[in-house]
Amino acid sequence: MTYKEILIHLHMPKTAGTTLKSIIGRNIDSSVNYHVYEPDQKREITLKQLSQKKVSCIQGHFPFGIHNYFNSPFTYITMLREPTQRIISEYYFIRSIPWHEQHEEVIKMSLDDYQKQTSKMNLQTRLISGSLDHPLTNIHLEQAKNNIEKYFSIVGITEMFNESLYLMKKRFGWNRTSYRKLNITKNKPQIEKLSPKTIAVINNNNHLDRELYHFAKQRLIKQLIHSGFKS
């Protein structure tokens, strides 16, 4: 299946994005469905090359704004996850994957050390706002909200994956939407078994993501009601 608009899947790390990517892959022909996971400089080269090709979908870990490389109609989708759970999952995932580019660094860190890195804080707000500024402020949060309202057809919620998929299936006409969960973090402790102090610090350091998450969740619920979805 191809589209009149480019579908841009901003694959947010550890939000069930890999599962969503696999679903998209079954509904869009691989010849026009591109995966872009390179670092910033290489990504720019790749996007410039893709701008000269027929593209129906782009998926990858990148910030909002890659539509600027193309002269075609476009729409974004992404998944957001409860911020503390996302950080914890990301930390234990990287530690469990020896081939991960950050593994050697993260294996030496505690969860406290990992989450204190400014680059790890409010990642969902950072990517959706399209900002590389440090630290982020409420201005970036408002930019992320504005981007969602203006450019994102659907912002799914990991904890409401089936409901999110229902809207995407309806919006894009996907027929093949059965799935199994992919890239699950193994050996991750339950949040109740972690230090309450650590959880409190993570919550505080990701307060922008928490507000963005609740904003997107309410938007999703309104879209579900409007669509006539029945659980």
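This report concerns the structure included in the present document.

Describing the pairing of strand E5 (residues 152-157)
Thought 1: Of all six residues in E5, six are buried; the element is thus mostly enclosed.
Thought 2: Taken together, the five bridges between strand E4 (residues 74-80) and E5 define a ladder with parallel strand orientation. Bridging across to E5, Met-79 finds its partner in Gly-156.

What about the packing of aromatic side chains?
The geometry of two aromatic rings is summed up by the distance between their centres and the angle between their planes.
Thought 1: Using the criterion set out here, one finds 11 aromatic pairs in the structure.
Thought 2: Considering the side-chain rings of Phe-161 and Tyr-179, the 4.9 Å spacing of their centres and the 65° angle between planes classify their relative orientation as edge-to-face. Within this pair, whereas Phe-161 is found in helix H8 (residues 161-172), its partner Tyr-179 is found in the loop between H8 and helix H9 (196-205), the two being separated by 18 residues in sequence.
Thought 3: Take Tyr-179: its relative accessible area is 31%, and that puts it in the partly exposed class.
Thought 4: Following the ring pairs from residue to residue traces out a cluster consisting of Phe-64, Phe-74, Tyr-76, Tyr-151 and Phe-152.
Thought 5: The ring of Phe-93 has Lys-14 lying over it, and the distance from NZ or CZ to the ring centre is 4.0 Å.

Observations regarding the pattern of salt bridges
Thought 1: For the coordinates displayed, the defined rule picks out eight salt bridges.
Thought 2: The partner of Glu-5 in a salt bridge is Arg-171, and the shortest N-O contact between them spans 2.9 Å. On the criterion of sequence distance, the pair formed by Glu-5 in the segment before strand E1 (6-10) and Arg-171 in helix H8 is long-range, its members being 166 residues apart.
Thought 3: Look at Glu-5 and you get buried, because its relative accessible area is 18%.
Thought 4: Ionic pairing is found between Lys-145 and Glu-211, a salt bridge with its closest N-O pair at 2.9 Å. Here Lys-145, found in helix H7 (residues 138-151), pairs with Glu-211, found in helix H10 (residues 207-227); they are 66 residues apart in sequence, far enough to count as distant.

A closer look at helix H2 (residues 40-50)
For the α-helix, the turn length of 3.6 residues means that residues three or four positions removed from each other point alike.
Thought 1: Within the sequence span of H2, burial applies to Arg-43, Thr-46, Leu-47 and Leu-50. All buried residues of H2 lie within an arc of 100° about the axis, which places them on one face of the element. Seen from the buried face of H2, the exposed residues on the opposite side, beyond 90 degrees, are Gln-41 and Ile-45.
Thought 2: Here the buried face of H2 lies against strand E2 (33-35).

Let's talk about the sheet that holds E5
Thought 1: Strand order across the open sheet formed by five strands is E2-E3-E1-E4-E5, with parallel pairing between neighbours. This sheet does not close on itself; its edge strands, each paired only once, are E2 and E5. On average, each strand axis in the sheet is tilted by 15° relative to the strand beside it, whichever way the strands run.
Thought 2: Against the sheet, H7 engages E4 and E5, with an angle of about 120° to E5.

Definitions and limits used
- Residues numbered from 1 in each chain as written.
- Predicted model: local features only at pLDDT ≥ 70, side-chain atom pairs only at ≥ 80, totals over all residues.
- Heavy atoms only, no water.
- Buried < 20%, exposed > 50% of the residue type's maximum accessible area, 1.4 Å probe, protein only.
- Helix = DSSP H or I, 4+ residues; strand = E, 2+ residues; numbered from the N terminus.
- Pairing = 2+ DSSP bridges.
- Phe/Tyr/Trp six-rings, centres within 6.5 Å; stacked < 30°, edge-to-face > 60°.
- Lys NZ or Arg CZ within 6 Å of the ring centre and 35° of its normal.
- Salt bridge = Lys/Arg side-chain N within 4 Å of Asp/Glu carboxyl O.
- Arc of directions from axis to C-beta.
- Contact = heavy atoms within 4.5 Å.
- Axes fitted to C-alpha atoms, helices over the stretch in contact; angles between N-to-C directions.

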